[in-house]
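# Structural overview for review
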Amino acid sequence: MDYAADAQRTDLMTITRFVLNEQSKHPESRGDFTILLSHIVLGCKFVCSAVNKAGLANLIGLAGETNVQGEEQKKLDVLSNEVFVKALVSSGRTCILVSEEDEEATFVEPSKRGRYCVVFDPLDGSSNIDCGVSIGTIFGIYSVKDGGEPTLDDVLQPGKNMVAAGYCMYGSSCTLVISTGSGVNGFTLDPSLGEFILTHPDIEIPKKGKIYSVNEGNAKNWDGPTAKYVEKCKFPIDGSSSKSLRYIGSMVADVHRTLLYGGIFLYPADKKSPNGKLRVLYEVFPMSFLMEQAGGQAFTGKQRALDMVPKKIHERSPIFLGSYDDVDEIKALYAAEENK
């Protein structure tokens, strides 16, 4: 038995250790945030396990209901939603939950209430489950002002007010990427330990990338700036080489690749979806928060994504996010269009 190797394996930066280290930098903290994160991590582990055996356990088929977005719900969607709602409520640290699967926000009963609001998409990209493509959970956390009854206004805040955001991707490995407002870190689940281990410390997105990611099937409905930008990616006029197109169709997977390799992810508004397709609170905001923390940008076609103030919990928005220079290019095209 290789004791030296085993000893090495014990000196790992687990997510628990990492979060406790962060907590120790804030002597005034009461540990509430740490407890909340540990419940989110538990939810991610549970869903990861369910996703891995979905085909065997007959969890894949439709549950026979339609969610508020008009998408037919998969059994795994329903299960994931229940898992996260229960994990978050039982933490005793939340007061309002907004899930993609539930039409109304969930207000936690007073005896279990805490000072955080959590917005989440329990299983993003669930239409890809049947074919084994990466799917994931996206979440964002807001802090509520102390005192008073929680209201929807506590959730309908701009994304820049989030205290943390992240996603967990269930793919070839289970990867949790999180930011608490001072950089972005990635953890990978070690199945033999049941622990998330820090594998991607201080993720920084390259300033410019070689990949663009967009559903080109919608091209006929795009506006001018988006069409021009994609044309420029394919046929650059400055003599540089073309960008590669990579589009998985699962936001978590596409954003994860963009974060690590650089480039740009686009989901523009078009004639079919004039307000865009992705939801502001639990898709656009968390991913934009992570991008900015990693040194990138996120833009809606009109403004910085994190400055938006949503009016409804399931509001939608266009989004362009990724490497700083790439997003600058699309911003310039929108500015030119506006000045016409």
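The rules behind these values
- Residues numbered from 1 in each chain as written.
- Predicted model: local features only at pLDDT ≥ 70, side-chain atom pairs only at ≥ 80, totals over all residues.
- Heavy atoms only, no water.
- UniProt positions renumbered as here; feature names shortened; annotations may be inferred.
- Helix = DSSP H or I, 4+ residues; strand = E, 2+ residues; numbered from the N terminus.
- Buried < 20%, exposed > 50% of the residue type's maximum accessible area, 1.4 Å probe, protein only.
- Contact = heavy atoms within 4.5 Å.
- Pairing = 2+ DSSP bridges.
- Axes fitted to C-alpha atoms, helices over the stretch in contact; angles between N-to-C directions.

## A short note on the UniProt feature "domain: Fructose-1-6-bisphosphatase class 1 C-terminal" (unreviewed entry) in the protein chain
Per the UniProt entry, the sites bearing "domain: Fructose-1-6-bisphosphatase class 1 C-terminal" (unreviewed entry) are residues 205-334 in this numbering. As annotated, residues 205-334 comprises 36% helix and 15% strand, and the C-alpha atoms at either end are separated by 23 Å.

## A few points about the side chain of Ser134
Along the chain, Ser134 falls in the loop between strand S5 (113-124) and strand S6 (135-143). Judged by relative accessible area, which is 19%, Ser134 ranks as buried. Those residues in contact with Ser134, other than ones at most four positions away along the chain, are Met169, Tyr170, Gly171, Ser250 and Ala253.

## Some thoughts on the sheet that holds strand S15 (residues 297-299)
Spatially, five strands are ordered S12-S11-S13-S17-S15 in an open sheet, and the strand pairing comes out mixed. In this open sheet, the two strands that pair with only one neighbour each are strand S12 (244-245) and S15. Of the pairings in the sheet, the one linking strand S13 (residues 264-267) to strand S17 (residues 319-322) comprises four bridges and is antiparallel in character. Directly across from Tyr267, in S17, lies its bridge partner Ile319. Against the sheet, helix H5 (residues 224-234) touches strand S11 (211-213), S13 and S17, its axis set at about 145° to S11. Each of S15 and S17 is contacted by helix H7 (residues 280-293), which is oriented at about 30° to S17, the strand it contacts most.

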